[in-house]
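The lines below spell out each chain.
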Amino acid sequence: MTRKRFDDMGCSVACALNEVGDWWSLLVIKQAMLGTCRFVDFQNGLGIAKNILCDRLSRLVENGVMTRVNVGEHGTRYEYRLTDKGRDLFTVVVALRQWSERWNGKKDSMQLVARESGVPVAPLLVQGADGGTLSVRDVLFVEEGEAGEGEPSQEQAG
């Protein structure tokens, strides 16, 4: 079955889903954030089939989320590393993890803590320009250039 693409949808979320929208891709990205670099280590850490892992790594490299680096001194050996674009998904992975822990319960023994202090990471929040916390009920989705110019072009969220 061919995966649906959202190229013509005109939606930022759909565009992101084109690049990292299947569960294996996000799990590969999370594993890379944990320090995994080698194909065999991704495969062992995730329990993923070789053909699926090869496809996901190729797609992530093609989309600029990861890079494939030859690190072989005596022969060819590749590692997969996150690019800046891939590292920018950290907030997405943490948000998904925190959402799941809230609604599905804690499913593993890992805890996110700040490297220097060892203090647990606070829940992610959406903040307004003034620093106040916003929920979906507090925002409007408006066409660019229309914010603050009278009536929004779309309904209030929620």
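Look up: the structure comes first, before these words.
All of these numbers come straight from a predicted model, not from anything done at the bench.

Procedures and definitions
- Residues numbered from 1 in each chain as written.
- Predicted model: local features only at pLDDT ≥ 70, side-chain atom pairs only at ≥ 80, totals over all residues.
- Heavy atoms only, no water.
- Helix = DSSP H or I, 4+ residues; strand = E, 2+ residues; numbered from the N terminus.
- Buried < 20%, exposed > 50% of the residue type's maximum accessible area, 1.4 Å probe, protein only.
- Contact = heavy atoms within 4.5 Å.
- Areas by Shrake-Rupley, 256 points an atom, 1.4 Å probe, with all protein chains shown as cover.
- Axes fitted to C-alpha atoms, helices over the stretch in contact; angles between N-to-C directions.
- Parallel < 35°, antiparallel > 145°, perpendicular 65-115°, else oblique.
- Nonpolar A, V, L, I, M, F, W, Y, C, P; charged D, E, K, R; others polar.
- Core = buried A, V, L, I, M, F, W, Y, C linked by side-chain atoms within 4.5 Å.
- Salt bridge = Lys/Arg side-chain N within 4 Å of Asp/Glu carboxyl O.
- 1 Å grid on protein atoms, 1.4 Å probe; cavity = no way out; pocket = protein on both sides within 12 Å on 5 of 7 lines; lining within 4 Å.
- Points joined across faces, edges and corners; volume = space filled by probe spheres on them.

Our next topic: the overall build of the protein. From N to C terminus, the protein includes 6 helices and 4 strands. Across the protein, helices and strands are ordered from the amino to the carboxyl terminus as α-α-α-α-β-β-α-α-β-β. Within the protein, the fraction of its 158 residues that count as buried is 22%. Contacts in the protein between residues at least 24 apart in sequence constitute 34% of all its contacts with a sequence separation of at least 6. Accessible surface, the protein: about 11700 Å² in total, of which carbon and sulfur atoms supply 53%.

One way to put it is that helix H2 (residues 23-33) packs onto helix H4 (residues 50-62) with a least axis distance of 10 Å and a crossing angle of 75°. Judged on the interaxial angle alone, H4 and H2 are roughly perpendicular. Packed against H2, whose contacting residues are Trp24, Ser25, Val28 and Ile29, the element H4 presents Ile52, Leu53, Arg56, Leu57 and Leu60 at the interface. Tallied by class, residues from the contact of H2 with H4 come to 7 nonpolar, 1 polar and 1 charged.

For the rest of this paragraph, the subject is the nonpolar core. One finds Val28, Ile29, Phe42, Leu57, Leu60, Val65 and Met66 to be the most contacted residues of the largest nonpolar core, which totals 17 residues. Elements with a contribution of two residues or more to this core: H2, helix H3 (39-46), H4 and strand S2 (78-82). Top contributing element to this core by residue count: H2, with 4 residues. Once residues lying within four places of it in the same chain are set aside, the contact partners of Val28 are Phe42, Leu46, Leu53, Leu57, Leu60 and Met66.

A few words now on the pattern of salt bridges. Per the counting criterion, the structure on display carries 11 salt bridges. Here Asp22 makes a salt bridge to Arg59, at a shortest N to O gap of 3.2 Å. With Asp22 in the loop between helix H1 (12-20) and H2 and Arg59 in helix H4, this residue pair connects regions lying 37 residues apart in the sequence. For Arg97, the salt bridge goes to Asp108, with nearest N and O atoms at 2.8 Å. In this pair, Arg97 sits in helix H6 (residues 90-104) while Asp108 sits in the loop between H6 and strand S3 (126-127), placing the two residues 11 residues apart along the sequence.

Think of a ball as big as a water molecule: rolled over the atoms, this probe shows where empty space is left. As a volume, the largest pocket reaches approximately 530 Å³. Lining the largest pocket are 15 residues, and of these Ala95, Leu124, Leu125, Val126 and Leu134 lie nearest its centre. Residue assignment for the lining of the largest pocket shows that the elements contributing at least two residues are H6 and strand S4 (133-134). Tallying contributions element by element places H6 first for the lining of the largest pocket, with 6 residues. Considered class by class, the residues forming the lining of the largest pocket number 10 nonpolar, 4 polar and 1 charged.

Limitation: the analysis is restricted to geometry and does not speak to function.
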